Amino acid sequence: MVGLAASRIAFGTYIRGIRTDCRKSPLAAAVHIETSRQTIIRLENGLPTKLSTADLERLLAFYNVEPESRDEALRLWRDVRLEQKDAQRQGNSGGFWQPYTDQLLANFPRYLRLERAAGWVTTHQLVLVHGLLQTRDYRRSVVRINSAPELSEVDVERRVELAIHRQAKLADNEFRLNFLMSEAVLRHQPGSPAVMAAQLRHLAELGCRDNISIRVIPFAAGPHRGLTDQSFTLLEFPRQSSKVMEPPVVYIEGKVGALYHARTDVVQDYRTAISALEDVALGESATAEFILRIAKEYEA
């Protein structure tokens, strides 16, 4: 099994393809099985719904699908149901972030769902260490910068706990993280020198893992795509079957919202940007040496 989020995304992608191929609208599908248009959209976006297997079978009949496609849709649906039962047994069917939703921006649970389902994440950051790689003290410092003055220490710690739960993803050996960062990430100081030194040493340690690549783009690199494309994250998903593969998504975070790009030409442009950034970034070993050298500066 590959995880509930990944199974839902794979099923939603497949069922959306069936609907668009037969030129049925979400509203028409919803009316046929006596549900809401939003329920169909949620289903296709890989979000939880209350639809039953009988509802799905009625939907497939409405779409007039070929037997082979019907069997594939039902197989993917069974995967979702099995993953859901497994998640319920483990007590995490709602997502690890559910107890912390009051601490999240409205758009961020969608990103966390995609990140949990992803098999490969490539991120370029200009300002801060990526959330998957932050130490507790570094995350605490960032939270305090963004938080309203009245945010309690309890809620500060809840946001730190959320970050730590999120980082459990790194223990999955099938997951790959490619972290490209500007030297500025190492120079900015959201926390004290001691916090920064510990964060940088943590990065150097994480960079030794087989499934994590960390590379820095030094100021001396001169002009490069990262200066104009700025910070972004490319999420890629594992293939669920020979017929189903969720398209990659480019995520760009904003202060009050976020952008998600899945168009092939946009994704390809960001792939080109990643290749250009890798051309000017230091290698992994040189990056580790560079990071540790700056860590010593903070310790001086």
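Predicted, not measured: the structure shown is a model, and the values here were computed from it. (Residues numbered from 1 in each chain as written. Predicted model: local features only at pLDDT ≥ 70, side-chain atom pairs only at ≥ 80, totals over all residues. Heavy atoms only, no water.)

**Here we look at the packing of aromatic side chains**
A ring pair, where both rings are aromatic, is described by two values, the distance of the centres and the angle of the planes. Overall, the coordinates contain five aromatic pairs when judged by the stated rule. Considering the side-chain rings of F11 and W77, the 5.1 Å spacing of their centres and the 50 degrees angle between planes classify their relative orientation as tilted. In this pair, F11 is assigned in helix α1 (residues 4–21) and W77 in helix α5 (residues 67–90), connecting sequence segments 66 residues apart. We classify F11 as buried; its relative accessible area is 2%. Classification of W77 by relative accessible area gives buried; the value is 7%. By way of ring pairs, the aromatic residues Y111, Y251 and Y260 are connected into one cluster. When the ring centre of F62 is taken as reference, the NZ or CZ atom of K24 above it lies at 4.7 Å. (Phe/Tyr/Trp six-rings, centres within 6.5 Å; stacked < 30°, edge-to-face > 60°. Helix = DSSP H or I, 4+ residues; strand = E, 2+ residues; numbered from the N terminus. Buried < 20%, exposed > 50% of the residue type's maximum accessible area, 1.4 Å probe, protein only. Lys NZ or Arg CZ within 6 Å of the ring centre and 35° of its normal.)

**Focus on the side chain of D55**
Along the chain, the position of D55 falls in helix α4 (residues 53–63). Classification of D55 by relative accessible area gives buried; the value is 17%. Contact partners of D55, with chain neighbours within four places excluded, come to I33 and K50. (Contact = heavy atoms within 4.5 Å.)

**Topic: the nonpolar core**
In terms of nonpolar packing, the biggest core is built from 40 residues, with L133, M181, L186, L203 and I214 touching the most fellow members. Of all the elements in the fold, those that place two or more residues in this core are α6 (108–117), α7 (136–146), β2 (176–182), α9 (183–187), α10 (193–206), β3 (212–217), β5 (249–253) and α13 (284–299). Top contributing element to this core by residue count: α10, with seven residues. Not counting residues within four places of it along the chain, the set of residues in contact with L186 comprises M181, M196, L200, L203, V216, F290, I291, I294 and Y298. Counting residues in each nonpolar core, the second largest holds 21 residues, with A30, L43, L76 and W77 among its members. (Core = buried A, V, L, I, M, F, W, Y, C linked by side-chain atoms within 4.5 Å.)

**A short note on α10**
Given a rise of 1.5 Å per residue, 14 residues ought to cover 20 Å, and the 20 Å separating the end C-alpha atoms of α10 matches this to within 8%. Within α10, burial applies to V195, M196, A197, Q199, L200, L203, A204 and L206. Each element contacted by the buried residues of α10 is listed here: α7, β2, α9, β3 and α13. (Expected span 1.5 Å × (residues − 1).)

**Remarks on unusual backbone geometry**
In most cases, non-glycine residues show a negative phi, while peptide bonds are predominantly trans. Here E34, not a glycine, exhibits a phi torsion of approximately 60 degrees, which is positive. Residue placement: E34 occurs in the loop between α2 (26–32) and α3 (37–44). Positioned with a positive phi, Q230 is a non-glycine residue whose angle comes to about 60 degrees. Tracing the sequence through the fold places Q230 in the loop between α11 (225–229) and β4 (232–236).

**Thoughts on the packing of α7 against helix α8 (residues 153–166)**
Between α7 and α8, whose axes approach to 9 Å, the crossing angle comes to 130 degrees. By the angle between their directions, the pair α7 and α8 is classed as oblique. Once α7 is placed against α8, the crossing between them reads as right-handed. Between α7 and α8, the residues in contact are R136, R139, R140, V143 and R144 and E153, V156, E157, R159, V160, A163 and I164, respectively. By residue class, the composition of the contact of α7 with α8 is five nonpolar, no polar and seven charged. (Axes fitted to C-alpha atoms, helices over the stretch in contact; angles between N-to-C directions. Parallel < 35°, antiparallel > 145°, perpendicular 65-115°, else oblique. Left-handed = near helix turned anticlockwise from the far one by under 90°. Nonpolar A, V, L, I, M, F, W, Y, C, P; charged D, E, K, R; others polar.)

**Quick word on the environment of V160**
Inspection of the secondary structure assignment puts V160 in helix α8. Relative accessible area serves as the criterion here: at 0%, V160 is assigned to the buried category. Expressed as a C-alpha distance, the spacing of V160 and V143, which sit 17 residues apart in the sequence, is 7.9 Å.

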